[in-house]
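Here are the chains, one letter per residue:
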Amino acid sequence: MAGKAAAAAAMAGEPEGRTAEEVAWAEGLRGACEPEHHWRHRREFLLRNVAAPPPAAGSAELQRLVSLSMVWANHVFLGCRYPPQVMGKALDMAEGIRVSGAPVRTTRDELVAKVKKRRVSSSNG
């Protein structure tokens, strides 16, 4: 019977192994215009990194957790970049989260390297 409940929760998009209170707490942190696909992964980030009990509303701890979840989601889904220390912390906290359907982006550095490579190969020919 427990297997059926877990399967139903997974189909409904509920994080496995979380109480209704934890999920309700996380739902209160969702952005008004946040797409479902982004939210599902950011919610996982929040729930994986929250201490029990969750931090108080408005606390510095909560603001930090929500900020790092946004940094990570913006990086994954929008291609944003942040200072190395911030990126490192967010990526460490997100370790093990599997994201499906995230866009693949080419960075400016990759584009510059590609152009330089073309110039070198064309001057050799």
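Criteria and thresholds
Residues numbered from 1 in each chain as written. Predicted model: local features only at pLDDT ≥ 70, side-chain atom pairs only at ≥ 80, totals over all residues. Heavy atoms only, no water. UniProt positions renumbered as here; feature names shortened; annotations may be inferred. Salt bridge = Lys/Arg side-chain N within 4 Å of Asp/Glu carboxyl O. Helix = DSSP H or I, 4+ residues; strand = E, 2+ residues; numbered from the N terminus. Buried < 20%, exposed > 50% of the residue type's maximum accessible area, 1.4 Å probe, protein only. Axes fitted to C-alpha atoms, helices over the stretch in contact; angles between N-to-C directions. Parallel < 35°, antiparallel > 145°, perpendicular 65-115°, else oblique. Left-handed = near helix turned anticlockwise from the far one by under 90°. Contact = heavy atoms within 4.5 Å. Core = buried A, V, L, I, M, F, W, Y, C linked by side-chain atoms within 4.5 Å. Arc of directions from axis to C-beta. Nonpolar A, V, L, I, M, F, W, Y, C, P; charged D, E, K, R; others polar.

Going by an unreviewed UniProt entry, the protein carries the name XRN2-binding (XTBD) domain-containing protein and comes from Nothoprocta perdicaria. Within the UniProt record for the protein, the comment given under Sequence similarities (unreviewed entry) is "Belongs to the CARF family."

A.B. asks: Any chance you could break down the pattern of salt bridges for me, citing the residues and the numbers?
C.D. replies: All chains considered together, the criterion is met by four salt bridges. Put simply, E27 and R43 hold a salt bridge, and the shortest N to O gap is 2.8 Å. With E27 in helix α2 (residues 20-27) and R43 in helix α3 (residues 36-49), this pair connects stretches of sequence that are 16 residues apart. Relative accessible area serves as the criterion here: at 32%, E27 is assigned to the partly exposed category.

A.B. asks: Give a detailed account of the packing of α3 against helix α4 (residues 60-78), specifying residues and quantitative values.
C.D. replies: For the pair α3 and α4, the least separation of the axes is 10 Å and the interaxial angle reads 140 degrees. With respect to their mutual orientation, α3 and α4 come out oblique. Once α3 is placed against α4, the crossing between them reads as right-handed. Of the residues in α4, those touching α3 at H37, H38, H41, R42, F45, L46 and N49 are L65, V66, L68, S69, M70, W72, A73, F77 and L78.

A.B. asks: A description of the nonpolar core should follow, citing residues and the corresponding values.
C.D. replies: Membership of the largest hydrophobic core comes to 21 residues, with the highest contact counts inside it found for W25, L29, F45, L46, L65 and W72. For this core, the secondary structure elements donating two or more residues are α2, α3, α4 and α5 (84-93). Of all the elements, α4 adds the most residues to this core, at eight residues. With near-sequence residues (within four places) excluded, L65 lies in contact with W25, F45, L46, N49, V50 and M93.

A.B. asks: An account of α2 is needed here, citing residue identities and associated values.
C.D. replies: Within the sequence span of α2, burial applies to V23, W25 and A26. Buried residues of α2, seen end-on, are gathered within an arc of 155 degrees and therefore sit on one face of the element. Exposed and facing more than 90 degrees away from the buried side of α2 are A20 and E21.

A.B. asks: I'd like a description of the packing of α2 against α3, backed by residues and values.
C.D. replies: Between α2 and α3, the shortest axis-to-axis distance is 10 Å and the interhelical angle comes to 120 degrees. One element, α2, and the other, α3, form an angle in the oblique class. At the point where α2 passes α3, the crossing takes the right-handed sense. The segment α2 lies against α3, with E22, V23, W25, A26 and E27 engaging W39, R43, L46 and L47. Across the contact of α2 with α3, the residue classes tally to six nonpolar, no polar and three charged.

A.B. asks: Please give an account of α5 that cites residues and values.
C.D. replies: For an α-helix, 3.6 residues make a turn, and residues three or four places apart therefore share a direction. The set of residues buried in α5 consists of M87, A90 and M93. Summarising the axial view, the buried residues of α5 lie within an arc of 135 degrees, below the 170-degree limit, and thus occupy one face. Summarising the geometry of α5, the exposed residues directed more than 90 degrees from the buried face are P84, Q85 and D92. In this structure, the buried residues of α5 make contact with α3 and α4.

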